[in-house]
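Coordinates in review
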Amino acid sequence: MQAAEIFEKLKEKFGDDVIALITEETSNPFITVNSARIFDISLFLRDNNDLQFDYLTLLSGVDEKDTITVVYHIYSTTKKHWIVLKTSVSKENCKMPTVERVWRSADWHERETYDMYGVVFEGHHNLIRILLPYDWEGYPLRKDYKEPEEYHGMKVPY
């Protein structure tokens, strides 16, 4: 199934919560969606007989200055098609639903995005830091991140 057909199915089911289909020659086609509906949209993509997106291959974050964009690369192992979803949250209210119960592979991906960008995936069963110490302050992949000079009295080399 092509990106335009997937977009139409989503638009029909979720209306204005499915924002746009972007197809550019320089990137993979992607669909932007409302972050508050990401769980419902993901569940539909997985369970719909025509779509059957059963594999989340990658979930990552991108700092867009005022917002954090979360990018989902999903694939259907039975239908052999794929699509990219993108959704954004403001840095001030950096919360969105988890998709961990839709795709189990989201577990570590969401934890890494939380650790590096500060996105709180509500409903995640174990949303704790995965790369940094539990008491680390800040989110190192945000553009406004300031490197600490010390950590527990030790100089942090840069």
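Before going into details, it helps to say that this report is about the structure given with it. (Residues numbered from 1 in each chain as written. Predicted model: local features only at pLDDT ≥ 70, side-chain atom pairs only at ≥ 80, totals over all residues. Heavy atoms only, no water.)

What follows covers the side chain of Thr98. Locating Thr98 in the fold gives a position in the loop between strand S6 (95-97) and helix H3 (106-117). Judged by its relative accessible area of 2%, Thr98 is buried. At a separation of 3.0 Å, a polar atom in the side chain of Thr98 contacts the main-chain amide nitrogen of Glu100. Here Glu110 takes part through its side chain, which lies 2.4 Å from a polar atom of the side chain of Thr98. Ignoring any residue separated from it by four or fewer positions in sequence, one finds Thr98 in contact with Phe39, Glu110, Phe121, Glu122, Gly123 and His124. (Helix = DSSP H or I, 4+ residues; strand = E, 2+ residues; numbered from the N terminus. Buried < 20%, exposed > 50% of the residue type's maximum accessible area, 1.4 Å probe, protein only. Polar contact = N/O pair within 3.5 Å; in protein donor to acceptor, adjacent residues only side chain to side chain. Contact = heavy atoms within 4.5 Å.)

Attention shifts here to the environment of Glu100. Along the chain, the position of Glu100 falls in the loop between S6 and H3. Glu100 sits 53 residues away from Asp47 along the chain, and the two C-alpha atoms are 15 Å apart. In this structure the side chain of Glu100 is engaged in a polar contact, spanning 2.8 Å, whose partner is the side chain of Arg104.

Here we take up the sheet that holds strand S4 (residues 67-75). Read across the sheet, 5 strands follow the order S1-S2-S5-S4-S3 without closing on themselves; strand pairing throughout is mixed. Of all strands in the sheet, those with a lone pairing partner are strand S1 (18-22) and strand S3 (55-63), marking the two edges. Between one strand and the next, the sheet's axes are offset by a mean angle of 20°, whatever the strand orientation. For S3 and S4, the ladder comprises 8 bridges, and the chain directions are antiparallel. Across the sheet, residue Leu59 finds its bridge partner in S4, namely Tyr72. Set on the sheet, H3 makes contact with S3 and S4; between it and S3 the angle comes to about 5°. (Pairing = 2+ DSSP bridges. Axes fitted to C-alpha atoms, helices over the stretch in contact; angles between N-to-C directions.)

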